[in-house]
Amino acid sequence: SITKAKTRSQKRQHNNSSASTSKHHKITRMLKIYGVPLSQPFRAVVWPCLIKELPFTVQLAVPGSKGRTGTANAGFLAKFPLGTVPALEDEANGVRLGESASILCHLAETHGWEDLYPSKKARQARGRVNEYFHWHHGGTRNLAKAYLAPLLRPDLKMDPETQAATKAAADRSLEIIEKG
(Lines give C-alpha, C1' and ligand atoms only; values in the text may rest on other atoms or scores of the structure.)
Protein backbone atom coordinates (compact mmCIF):
# COMPACT_ATOMS: atom_id res chain seq x y z
CA SER A 1 0.00 0.00 0.00
CA ILE A 2 1.02 3.63 -0.39
CA THR A 3 1.31 4.13 3.37
CA LYS A 4 3.55 1.06 3.85
CA ALA A 5 5.76 2.03 0.91
CA LYS A 6 6.00 5.60 2.20
CA THR A 7 6.96 4.33 5.64
CA ARG A 8 9.67 2.07 4.15
CA SER A 9 11.00 5.03 2.18
CA GLN A 10 11.09 7.20 5.32
CA LYS A 11 12.84 4.44 7.32
CA ARG A 12 15.51 4.07 4.60
CA GLN A 13 16.10 7.81 4.68
CA HIS A 14 16.13 7.91 8.49
CA ASN A 15 18.65 5.06 8.68
CA ASN A 16 21.18 7.10 6.70
CA SER A 17 23.37 8.51 9.46
CA SER A 18 23.65 12.03 8.11
CA ALA A 19 21.38 14.38 6.23
CA SER A 20 22.85 12.49 3.36
CA THR A 21 22.22 12.26 -0.29
CA SER A 22 20.12 9.55 -1.86
CA LYS A 23 20.86 8.72 -5.47
CA HIS A 24 18.50 11.46 -6.68
CA HIS A 25 18.23 14.25 -4.14
CA LYS A 26 19.41 15.78 -0.92
CA ILE A 27 17.19 15.28 2.07
CA THR A 28 16.65 18.85 3.10
CA ARG A 29 12.90 19.31 2.99
CA MET A 30 9.66 17.75 4.04
CA LEU A 31 6.83 17.52 1.59
CA LYS A 32 3.19 17.16 2.49
CA ILE A 33 0.87 15.67 -0.08
CA TYR A 34 -2.81 16.32 0.55
CA GLY A 35 -5.57 14.15 -0.85
CA VAL A 36 -7.28 10.78 -0.70
CA PRO A 37 -5.22 7.65 -1.51
CA LEU A 38 -8.06 6.16 -3.60
CA SER A 39 -7.80 9.13 -5.95
CA GLN A 40 -5.95 8.45 -9.21
CA PRO A 41 -4.49 12.01 -9.41
CA PHE A 42 -3.26 11.66 -5.81
CA ARG A 43 -1.55 8.36 -6.65
CA ALA A 44 -0.03 9.94 -9.77
CA VAL A 45 1.81 12.36 -7.46
CA VAL A 46 2.71 9.80 -4.78
CA TRP A 47 4.12 7.08 -7.05
CA PRO A 48 7.05 9.10 -8.44
CA CYS A 49 7.92 10.20 -4.90
CA LEU A 50 8.01 6.56 -3.82
CA ILE A 51 9.98 5.47 -6.90
CA LYS A 52 12.51 8.26 -6.37
CA GLU A 53 12.57 7.69 -2.58
CA LEU A 54 11.59 11.28 -1.88
CA PRO A 55 10.33 11.57 1.72
CA PHE A 56 6.83 12.96 2.20
CA THR A 57 3.86 12.77 4.50
CA VAL A 58 0.25 12.23 3.54
CA GLN A 59 -2.40 14.61 4.82
CA LEU A 60 -5.97 13.42 4.33
CA ALA A 61 -7.98 16.04 2.44
CA VAL A 62 -11.54 15.06 1.53
CA PRO A 63 -12.82 16.81 -1.61
CA GLY A 64 -15.77 19.12 -0.97
CA SER A 65 -15.95 18.52 2.78
CA LYS A 66 -16.09 21.50 5.15
CA GLY A 67 -14.95 19.27 8.01
CA ARG A 68 -11.54 19.41 9.69
CA THR A 69 -9.88 17.40 6.88
CA GLY A 70 -11.95 18.81 4.02
CA THR A 71 -10.91 20.84 1.00
CA ALA A 72 -13.77 23.28 1.63
CA ASN A 73 -12.43 23.94 5.14
CA ALA A 74 -11.23 27.52 5.67
CA GLY A 75 -7.76 26.33 6.77
CA PHE A 76 -7.27 24.26 3.61
CA LEU A 77 -8.58 27.06 1.38
CA ALA A 78 -6.18 29.53 3.04
CA LYS A 79 -3.28 27.34 1.87
CA PHE A 80 -4.81 26.14 -1.42
CA PRO A 81 -7.35 28.67 -2.76
CA LEU A 82 -8.43 26.36 -5.61
CA GLY A 83 -9.64 23.84 -3.04
CA THR A 84 -8.50 20.88 -5.13
CA VAL A 85 -6.56 17.72 -4.43
CA PRO A 86 -3.99 16.51 -4.75
CA ALA A 87 -2.17 19.44 -3.24
CA LEU A 88 1.48 19.79 -2.31
CA GLU A 89 3.12 21.82 0.42
CA ASP A 90 6.89 22.09 0.27
CA GLU A 91 7.71 23.43 3.72
CA ALA A 92 11.34 24.20 2.91
CA ASN A 93 10.60 26.88 0.34
CA GLY A 94 6.95 27.73 0.91
CA VAL A 95 5.69 26.26 -2.37
CA ARG A 96 2.03 25.29 -2.31
CA LEU A 97 0.45 23.83 -5.41
CA GLY A 98 -2.75 22.12 -6.42
CA GLU A 99 -3.44 19.90 -9.44
CA SER A 100 -1.40 16.79 -10.17
CA ALA A 101 0.17 18.04 -13.42
CA SER A 102 1.62 21.19 -11.84
CA ILE A 103 2.81 19.21 -8.81
CA LEU A 104 4.52 16.59 -10.98
CA CYS A 105 6.25 19.28 -13.07
CA HIS A 106 7.43 21.05 -9.91
CA LEU A 107 8.79 17.86 -8.34
CA ALA A 108 10.55 16.75 -11.53
CA GLU A 109 12.14 20.15 -12.12
CA THR A 110 13.11 20.62 -8.46
CA HIS A 111 14.70 17.17 -8.16
CA GLY A 112 16.08 16.73 -11.67
CA TRP A 113 13.86 13.79 -12.63
CA GLU A 114 14.59 14.09 -16.34
CA ASP A 115 13.75 10.42 -16.85
CA LEU A 116 10.16 11.29 -15.85
CA TYR A 117 9.92 14.84 -17.18
CA PRO A 118 12.34 15.77 -19.97
CA SER A 119 14.53 18.86 -19.62
CA LYS A 120 13.70 22.09 -21.42
CA LYS A 121 16.38 21.16 -23.98
CA ALA A 122 14.27 18.17 -25.08
CA ARG A 123 11.40 20.41 -26.16
CA GLN A 124 9.50 17.91 -28.29
CA ALA A 125 9.53 15.19 -25.63
CA ARG A 126 8.65 17.69 -22.91
CA GLY A 127 5.86 19.04 -25.08
CA ARG A 128 4.36 15.55 -25.43
CA VAL A 129 4.40 15.08 -21.65
CA ASN A 130 2.76 18.49 -21.16
CA GLU A 131 0.18 17.63 -23.81
CA TYR A 132 -0.79 14.49 -21.91
CA PHE A 133 -0.90 16.34 -18.58
CA HIS A 134 -3.35 18.86 -19.97
CA TRP A 135 -5.43 16.29 -21.85
CA HIS A 136 -5.67 14.07 -18.78
CA HIS A 137 -8.29 16.24 -17.07
CA GLY A 138 -10.92 15.56 -19.71
CA GLY A 139 -9.38 12.47 -21.27
CA THR A 140 -8.52 9.65 -18.93
CA ARG A 141 -10.73 10.99 -16.16
CA ASN A 142 -13.66 10.03 -18.41
CA LEU A 143 -12.79 6.40 -17.74
CA ALA A 144 -13.38 6.75 -14.02
CA LYS A 145 -16.56 8.70 -14.53
CA ALA A 146 -17.97 6.20 -17.03
CA TYR A 147 -16.90 2.88 -15.59
CA LEU A 148 -15.85 3.25 -11.95
CA ALA A 149 -18.19 5.91 -10.57
CA PRO A 150 -21.34 3.83 -11.14
CA LEU A 151 -19.74 0.96 -9.18
CA LEU A 152 -18.03 2.93 -6.42
CA ARG A 153 -20.57 5.74 -6.07
CA PRO A 154 -24.03 4.38 -6.89
CA ASP A 155 -25.45 7.40 -5.05
CA LEU A 156 -24.31 9.56 -7.98
CA LYS A 157 -27.19 8.92 -10.32
CA MET A 158 -26.73 9.43 -14.07
CA ASP A 159 -29.59 9.42 -16.50
CA PRO A 160 -29.20 6.93 -19.38
CA GLU A 161 -28.33 9.63 -21.95
CA THR A 162 -25.57 11.08 -19.78
CA GLN A 163 -24.25 7.60 -19.00
CA ALA A 164 -24.14 6.69 -22.71
CA ALA A 165 -22.37 9.96 -23.60
CA THR A 166 -19.86 9.47 -20.78
CA LYS A 167 -19.08 5.90 -21.92
CA ALA A 168 -18.65 7.09 -25.53
CA ALA A 169 -16.19 9.78 -24.36
CA ALA A 170 -14.34 7.20 -22.27
CA ASP A 171 -14.09 4.84 -25.25
CA ARG A 172 -12.65 7.69 -27.37
CA SER A 173 -10.07 8.30 -24.65
CA LEU A 174 -9.05 4.64 -24.72
CA GLU A 175 -8.67 4.77 -28.50
CA ILE A 176 -6.38 7.81 -28.21
CA ILE A 177 -4.25 6.08 -25.57
CA GLU A 178 -3.96 2.89 -27.60
CA LYS A 179 -2.87 4.82 -30.72
CA GLY A 180 -0.13 6.48 -28.66
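Residues numbered from 1 in each chain as written. Predicted model: local features only at pLDDT ≥ 70, side-chain atom pairs only at ≥ 80, totals over all residues. Heavy atoms only, no water.

(A) Summary view of the confidence of the model for the protein chain. For the protein chain, the mean per-residue pLDDT works out to 82, and 84% of the residues sit at or above 70. For the protein chain, helix H1 (residues 2–15) is the element with the lowest average pLDDT, namely 49, and strand S1 (residues 31–35) is the one with the highest, namely 97. Every residue in residues 12–25 is under pLDDT 50, and counting partners more than four places away or in other chains gives 17 contacts. (pLDDT = per-residue confidence, 0-100. Helix = DSSP H or I, 4+ residues; strand = E, 2+ residues; numbered from the N terminus. Contact = heavy atoms within 4.5 Å.)

(B) Local environment of the nonpolar core. Counting residues in each nonpolar core, the largest one holds 19 residues, and the members touching the most others are Ile33, Cys49, Phe56 and Leu107. Those elements giving two or more residues to this core turn out to be S1, helix H2 (40–51) and helix H4 (100–111). The leading source of residues in this core is H4, at six residues. Aside from chain neighbours lying at most four places away, what touches Cys49 is Ile33, Leu54, Phe56, Leu107 and Trp113. (Core = buried A, V, L, I, M, F, W, Y, C linked by side-chain atoms within 4.5 Å. Buried < 20%, exposed > 50% of the residue type's maximum accessible area, 1.4 Å probe, protein only.)

(C) View of the environment of Asn142. With respect to the helices and strands, Asn142 occurs in helix H6 (residues 141–152). The buried category is assigned to Asn142, whose relative accessible area is 18%. For the pair Asn142 and Ala168, spaced 26 residues apart in sequence, the C-alpha separation works out to 9.2 Å. When neighbours within four sequence positions are excluded, Asn142 is seen to be in contact with Thr166, Ala169, Ala170 and Ser173.

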